[in-house]
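Structural overview for review
If you want the building blocks of each chain, they are given just below.
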Amino acid sequence: MDKLLYGAAYYEEYLPYNRLEKDVEMMKAAGINVVRIAESTWSTCEPKEGIFDFSHVTRVIDAMEAADISVIIGTPTYAVPAWMVKKHPQVLADTKEGRNVYGPRQNMDITNPDYLFYAERVIRKLMECTAQRKNVIGFQLDNETKSYGTAGENVQKAFVKYLKNVFDNDLEKLNHQFGLDYWSNRINSWEEFPDVRGTINGSLGAEFQKFQRRLVTEFLAWQAKIVKEYKREDQFITQNFDFEWRGYSYGVQPEVNHFEAAKYVTIAGADIYHPSQDLLTGEEIAFGGDIIRSVKQGNYLILETEAQGFPGWTPYRGQLRLQAYSHIASGANSVMYWHWHSLHNAVETYWKGLLSHDFAENDTYCEAKVIGKEFKEIGSHLVNLQKQNRVAILISNEALTALEWFRIDADPANIGTVRYNDVVRWIYNRLYRMNIECDFLNPTSEHFEKYDLIIVPSLYAAPEALLHRLNQYTAQGGYLFVTFKTAFTDEYVKVYSQIQPAIINECLGIEYHQFVFPKNVYLKSDYYQMPDLPVHTFMELLIPKGAEVLASYNHYNWKDYAAVTKNHYKKGIAVYLGCMLPDEILDIVLRDVLKDAGIVQTQQEFPVIVRKGKNDFGKEIVFYLNYSDKKQKITWQQEKGIELFSKAEIKQGEEIEIEPWNLCIMEI
Amino acid sequence: MDKLLYGAAYYEEYLPYNRLEKDVEMMKAAGINVVRIAESTWSTCEPKEGIFDFSHVTRVIDAMEAADISVIIGTPTYAVPAWMVKKHPQVLADTKEGRNVYGPRQNMDITNPDYLFYAERVIRKLMECTAQRKNVIGFQLDNETKSYGTAGENVQKAFVKYLKNVFDNDLEKLNHQFGLDYWSNRINSWEEFPDVRGTINGSLGAEFQKFQRRLVTEFLAWQAKIVKEYKREDQFITQNFDFEWRGYSYGVQPEVNHFEAAKYVTIAGADIYHPSQDLLTGEEIAFGGDIIRSVKQGNYLILETEAQGFPGWTPYRGQLRLQAYSHIASGANSVMYWHWHSLHNAVETYWKGLLSHDFAENDTYCEAKVIGKEFKEIGSHLVNLQKQNRVAILISNEALTALEWFRIDADPANIGTVRYNDVVRWIYNRLYRMNIECDFLNPTSEHFEKYDLIIVPSLYAAPEALLHRLNQYTAQGGYLFVTFKTAFTDEYVKVYSQIQPAIINECLGIEYHQFVFPKNVYLKSDYYQMPDLPVHTFMELLIPKGAEVLASYNHYNWKDYAAVTKNHYKKGIAVYLGCMLPDEILDIVLRDVLKDAGIVQTQQEFPVIVRKGKNDFGKEIVFYLNYSDKKQKITWQQEKGIELFSKAEIKQGEEIEIEPWNLCIMEI
Amino acid sequence: MDKLLYGAAYYEEYLPYNRLEKDVEMMKAAGINVVRIAESTWSTCEPKEGIFDFSHVTRVIDAMEAADISVIIGTPTYAVPAWMVKKHPQVLADTKEGRNVYGPRQNMDITNPDYLFYAERVIRKLMECTAQRKNVIGFQLDNETKSYGTAGENVQKAFVKYLKNVFDNDLEKLNHQFGLDYWSNRINSWEEFPDVRGTINGSLGAEFQKFQRRLVTEFLAWQAKIVKEYKREDQFITQNFDFEWRGYSYGVQPEVNHFEAAKYVTIAGADIYHPSQDLLTGEEIAFGGDIIRSVKQGNYLILETEAQGFPGWTPYRGQLRLQAYSHIASGANSVMYWHWHSLHNAVETYWKGLLSHDFAENDTYCEAKVIGKEFKEIGSHLVNLQKQNRVAILISNEALTALEWFRIDADPANIGTVRYNDVVRWIYNRLYRMNIECDFLNPTSEHFEKYDLIIVPSLYAAPEALLHRLNQYTAQGGYLFVTFKTAFTDEYVKVYSQIQPAIINECLGIEYHQFVFPKNVYLKSDYYQMPDLPVHTFMELLIPKGAEVLASYNHYNWKDYAAVTKNHYKKGIAVYLGCMLPDEILDIVLRDVLKDAGIVQTQQEFPVIVRKGKNDFGKEIVFYLNYSDKKQKITWQQEKGIELFSKAEIKQGEEIEIEPWNLCIMEI
């Protein structure tokens, strides 16, 4: 990328009156250099079956071209027009809850042949009229694609076909792996294969969900292939990946395998939404960014992030700017808002854009003008930042799905509330606040050895090969930090029948046969100094088999069991954490692991967030982001550096002040 | 009306054994002079299709006639018999949740031709045998009529026809007003118009709900027309309107436009249920009464209110009587209990009547005897009370519905809990407790100018014309008090794209571009003296454009914005409240507005409630209602007056004591 | 029974690899002498329609025979194979929520002819190959049988047939009893009888639920008849009854009439699951045991109870053993775990058996070895224990169901949370903690007179005859203790229209017309000394009619009403409790009743639980169970006794120490 992209989604179709010219003028004033258009506008592009009208699209491209603003074209396929549903009701996905209804977006069966026929046609038509446009720099396939729970008869058939392939046509093997004898679920002929929507078998159910993720990958691959027929060499293909949604971008996406799907795009993209005002921490920006950077091991696009957003998200002074640089600090090459103007109708009326419904200048837009100006001035120092992180976190869609079937705190009365992403974010957040930057690995990654420390949170479902690889990583001198609920089942969510944690116990030097929910359980340790706070949620009763006990449980009945262990295994070290801890204690455990693994820890900690990278000039860039409403001071430790906003040269020992919700950027 | 009606719903059909004679005797002993019968008894009146049996009805009319008790006949159409559903399953409404099931009342499609055919026939038959009876004084159409969510294919078709009419057959206009381009919802031909049950478009959805309210009006108009063919000149037609239900009568009814529907009755009626015992405040009695009095600008009937009700409602000594007079004090000409006796089977078993299941005298019935006696003695002084209120509150079904689609505190994780009626009741309750009596206006009212002060709570959706009228009202010397969330969208729930609050900003002298959820936000003001309590729920960031700032926000980031403003506009004054406040602070703001608008405030405040009216003798009647378990004293300020219960003449300066849960009534 | 059975459910079908030999070895080591097999394995036993394969069953019988371990065969009918659903989708029950889906167990229509055809065939085939096996000691019919909400067209038809029979074909009588005139629910011909799934009439609805319970009895009777054709005289038939489930075995089973269904088995069986660790009290073990012992008035089998169970249930040291003896102390002749090994797949993965997924020895299994050894040594002293309790609690499915339709704390906004079993367990738990052992009676029991004290908690729905019998029981010298919500409706959930509590007011000497939810209500009493704690949930306003007032209400409005009364009625005494009380006050009331009724109270109280019985040697056995983590001491009061574990003779006045979660057993 030759510059930082700064932009917004722009829907000229939705405007209450014609104001394209005025909008372009305000965009220019804000330094906006890219807009994303067309996604989700199918009913406007193809008002009647086979009748196409791309006038909105071309009007906008024209206007942007005139203003020297780039355009990203989104294929409009993630919301189907009324005429299609009227003619082919079955384009609406048949899910576990029944047939989806018309009205919302993302309600279709992405495997339905009619849907695919129309989707292909509209994509081709759109590509024909946009691909050769000079200022069109890239294409976004669909949007936040999922399988939308599609599980109708056709999908069930495809799933059976998929299973035949996975199990070499061997039903006995499938019955065995999934444990289908249980509750008379055994399937004795492929013809009798039941609809799995009602299954109570987590192995079968999780496999279906893996299959559904595969449908997403296949759908994106299919769109990419069509787009490639038209696009120029210099135009990119991206997808707007998103994250587990808990009212904001929370965790690993359960419905998409980002690593697999990203193979079909030329640059990864994402949307990240997060709490704001007093709750702004930068955690989601860093977390989402680190994942998306990792899926293709390179820079990525932020295709959507909040401008004003909901009333609870309206940024305080400084926050919009702080957020923008936080994205860049994670390796993003773009910051694009969702969206330019606020919508006057429908369900996202309160998901406000840079402009409010009145299109007038407002505090947020005014701050965007500052960002745009700065990006123009110093963007060349910030684009294409490269990171060389020494710590990686191993994440897994399979573990996530399996722990949805078996939530960590499930009991006979409740399905439980503690899930995979709660553990992942629990670990990640503490590292983030210590300013330890991380990459993410997935189970099929081939570059474990790049990292000095690999952290494995609750890798509940894992194939034997992966566990052997973790042993090998440690054997070869790696440092492994593993938490409870790891290596409990194989990739088919069949609990390992050997000693637990299965296979990986070799490098960990421990085993356990039982686990409980802690009540009034504390840690005791000669190794750590720690506050007297209770263990919570879940604990395994660890028995050291060679490992050193760093902490054990303080409880009359569980006192003989270990809680945290450390094992020297060949050239490496493996630490195991058997329980969930208060943040303060996790910090102590993590700091010790980091120190032991030789990871340098910064002086600063949250609310001063430090993020680094190497820029196109080969210089090191260090961001100091003040995530608080208090002024922060840092003392410059390195020989010298240039503060990019002020161009000031900072000397060793000099003090730098960072205003509330503000930042400084050092180039060294 | 020539006397106060005192009565109960009476279902001889439901009695476990024949006790009509005994019931009449106990009614007479309690001073009951009217019963309401027949509503909901269709399966008894027409046991088989076309076979009618009104023997219960005539038996009761006979017995009441002999006892000189009047009868109100309810048409039985709000509960359909089993034979009809068996023969025509489609009489059950097809709703958003699917086809209603047989069992409950109010489950039918009020537009279904079969239902209407049978309904018309049973009404005619019933009218034939009751209309000419001497002691039948009026008719109630159906009961608590709603559309019951009917939304099946036939209703969808009718809705499209309705829309064609509203939009002059111009689909482009409809697409524009509803913003249907969004998420590919654009409708490109009337033939393709989708079922709107799944819509995510609040404009389309709210219009459908307006259409459903219209179905209710049309249904009642249709019944009224039939009834009129039979009824005598001296017999009234009424409907039992009710209110938003939150376990009791809470707020403006979302599913019925009372003002429209009331045009088809000769006197408005209502049911009001409310918390009791320690929670009895009279708020619901006053609120519901003020609305129903306003819909036809005159006296009204309380057709149902609680006797013993649920275990939590069993009245303390004095409360039944206090409640009865509270209804009268609001302008009711009747107090009728639901119901005479408690039911021995089915879902309302614990909705107890005047008599318990044992039909024995009980504390509540004994108190009813006192009320009946008093009504006979002093009722002529209390019937047909006329009010001349100077304050009106503007309410709107459209604003209510729109704020259901966009709840005030909605965020990306929650649909929100704060709704239109929460604001309406928040304001109303404070006025009630200050003893400021109010009328209610609806958007199409033509007598705004009657009032010195109009209060406009969260008039979220409003047509331009209405906003211009409010400007005009102020310009002509009116006093306007407007809250946040007013004038945000037009009547199609399309957000105004001009400066907000749209149009009405003219008289208010303010504007705003942003709004947030307050956290740790207080008010600061040189104008008011107020306690240090936080703003809550929602706040707009007001920018004065000519208005005086009465209070602004105390918060480091929002401190430059106004919270309460006052503007002199031509001959009038307009005050705007931009946020939700603790009751104590709202009181301060309201008192100031009332004083400024020249509204006289009483010395008494809750728990002493003062309500006034002019009686048939041209005398002023003042109720002093003690809503507490403590004795209250008032000092009589006027020259002299007669206390109606004691007939005592009270002189200026004399002290009147009111016992707990008791009252006195002064005639001046 | 000639010995205590100690065992587990064993599913060789579910094992991840062949380890039958190893399992048998570990079972022997643990003293296990019985396994329960085959239930729920239909798809393994009949892999294709009509193709049977009982090789797993015979393999296990063989191996157990060789090891001298007995076998209980469960018919596999409570989970249907995929092929059956594919061929006959209607075997899945059509319920109130629609057709059940394939996947879970217990989803079928137990009246469906296809299901019954296949069920009969597989049972006969299974019996053919197991009934004559030497070590097969008995058969379990199905498992935890219910009607699974079956309510489809066929069931509705059968219900109408049933009603014709109940009401002598007299629809008028039915309409009257159920009060169907209400809301036009009257049914005027049998042909029009509506599907009752949507009914709002609790009388009709409760009758349907009674009919559904009858389907369960009929189904079990039908299976018993088939099994009897094959079984030897020495083989028993049992059923695994269970209890209202609230995440553990909580209360009276709503869906099965245990007393009726148990007529078709030769010995009653049950599963009991309960909280553990710090929450282990023994309450559920005693409660469930007392019920199951009562249904056939004799010893019973614990066919399932938890071993390790969920993480929250993993027993502390000593608890597994304490639990085992607690079952025996209630009259169980077996303790069988669910299950031997933990499952590696599907929904019960975390319902852990004696062995964890790794099949290794663990703390729980090790404790089982101790139990097995002890059972062998002293079991002959503990088997076939006979009890002669003087206190009985009257329970009723009909009252339970009726109070589901009318929950005790229901109000117009909430269906309520306080249910029948909350009252039953409230009373039972206090008695349990006082070491008062109870039997349970059902409404049709013929041996009321065996008991000195009958306790009647909230017998809401009761036929007149039953109430007359309670009067008679008292008249003849019995002591009756009755709580609020008794005798309110007849057996058709029609509220009695006479004075309440109906009929039984005769022996109680009270009446009431009103009842309320207490707020700030306390008791006042000259009779009791009690702490100042508030009455909660529900209270009746009692008026003494001959009864002595033991306590009345302390509240300004309810102060004239009684709360607890005592009445001498002919030769007996009847105490009535009109409200729900804090445990501390209930204890005071109960202790007084017990004393008055001449029931001897033990010195020990919870956490020392005392349970007694007479053994085969005619000796009295007394268990002292320490349900706490503190050591407990008891002083031996009787002349002498033998402590069974230590064989020590204990002399009068000697002190016995019981370790935490431990016990001692005295033989006298």
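The structure we're discussing is the one just above.
This report concerns the structure included in the present document. (Residues numbered from 1 in each chain as written. Chains lettered and ligands numbered in written order. Predicted model: local features only at pLDDT ≥ 70, side-chain atom pairs only at ≥ 80, totals over all residues. Heavy atoms only, no water.)

Size of an interface, as often reported, equals the accessible area lost when the parts are brought together. At the junction of the two partners, chain B supplies 53 residues and chain A supplies 59 residues. Roughly 4500 Å² is buried in total at the junction of chain B and chain A, and carbon and sulfur atoms are behind 53% of that figure. Counting the surface chain B buries against chain A, the share from its top three residues, Y182, W183 and P412 of chain B, is 16%. Here chain B and chain A share 0 salt bridges between them. Joining chain B to chain A, the criterion identifies 32 residue pairs in polar contact (both at pLDDT 80 or more). Where the side of chain B that touches chain A is concerned, the elements lending two or more residues are α7 (171-178), α8 (202-230) and β18 (510-516) of chain B. Here the side of chain B that touches chain A takes 5 residues from β18 of chain B, the largest share from any one element. Across the side of chain B that touches chain A, the residue classes break down as 24 nonpolar, 20 polar and 9 charged. (Contact = heavy atoms within 4.5 Å. Buried area = accessible area lost by both parts, 1.4 Å probe. Salt bridge = Lys/Arg side-chain N within 4 Å of Asp/Glu carboxyl O. Polar contact = N/O pair within 3.5 Å; in protein donor to acceptor, adjacent residues only side chain to side chain. Helix = DSSP H or I, 4+ residues; strand = E, 2+ residues; numbered from the N terminus. Nonpolar A, V, L, I, M, F, W, Y, C, P; charged D, E, K, R; others polar.)

Turning our eyes to something else, we now look at the relation of the copies chain C and chain B. For the match of chain C to chain B, the screw axis carries a shift of 0.1 Å, the RMSD comes to 0.0 Å, and the turn is 120°. When the rotation and shift are considered jointly, the pair of chain copies conforms to a three-fold rotation axis. (Least-squares fit on C-alpha atoms with pLDDT ≥ 70 in both.)

Given a rise of 1.5 Å per residue, 16 residues ought to cover 22 Å, and the 23 Å separating the end C-alpha atoms of helix α12 (residues 363-378) of chain B matches this to within 8%. Taken as a whole, α12 of chain B has its buried residues at T364, Y365, E367, A368, I371, G372, E374, F375 and I378 of chain B. For α12 of chain B, the secondary structure elements touched by its buried residues are β1 (5-9), α1 (20-29), α11 (319-329), β13 (332-338) and β31 (663-667) of chain B together with β18 (510-516) of chain C. (Expected span 1.5 Å × (residues − 1). Buried < 20%, exposed > 50% of the residue type's maximum accessible area, 1.4 Å probe, protein only.)

The next point concerns the sheet that holds strand β31 (residues 663-667) of chain A. Residue and element names in this part refer to chain A. Spatially, the 5 strands line up as an open sheet ordered β25-β26-β31-β28-β29, and their pairing is antiparallel. In the strand order of this sheet, the two ends are held by β25 (608-614) and β29 (649-651), each with one partner. Within this sheet the neighbouring strands show an average axis-to-axis angle of 30°, counted without direction. Where β25 meets strand β26 (residues 620-626), 7 bridges bridge the pair, whose relative direction is antiparallel. Residue V610 lies in a different strand from β26, and its bridge partner there is Y624. Where helix α11 (residues 319-329) meets the sheet, its contacts fall on β25, β26 and β31, and the angle it forms with β26 comes to roughly 145°. (Pairing = 2+ DSSP bridges. Axes fitted to C-alpha atoms, helices over the stretch in contact; angles between N-to-C directions.)

A few words on empty space enclosed by the protein. Once rolled over the atoms, a probe with the size of a water molecule shows which space is left empty. Counted by the stated rule, this structure contains 10 cavities of 30 Å³ or more. Volume-wise, the largest cavity comes out at about 70 Å³. Taken together, P315, Y316, R317, L320, D363, T364 and E367 of chain A together with Q514, N557 and W558 of chain B make up the full set of residues lining the largest cavity. Of the residues forming the lining of the largest cavity, the biggest block, 3 residues, is contributed by helix α12 (residues 363-378) of chain A. Partitioning the lining of the largest cavity into residue classes produces 4 nonpolar, 3 polar and 3 charged. (1 Å grid on protein atoms, 1.4 Å probe; cavity = no way out; pocket = protein on both sides within 12 Å on 5 of 7 lines; lining within 4 Å. Points joined across faces, edges and corners; volume = space filled by probe spheres on them.)

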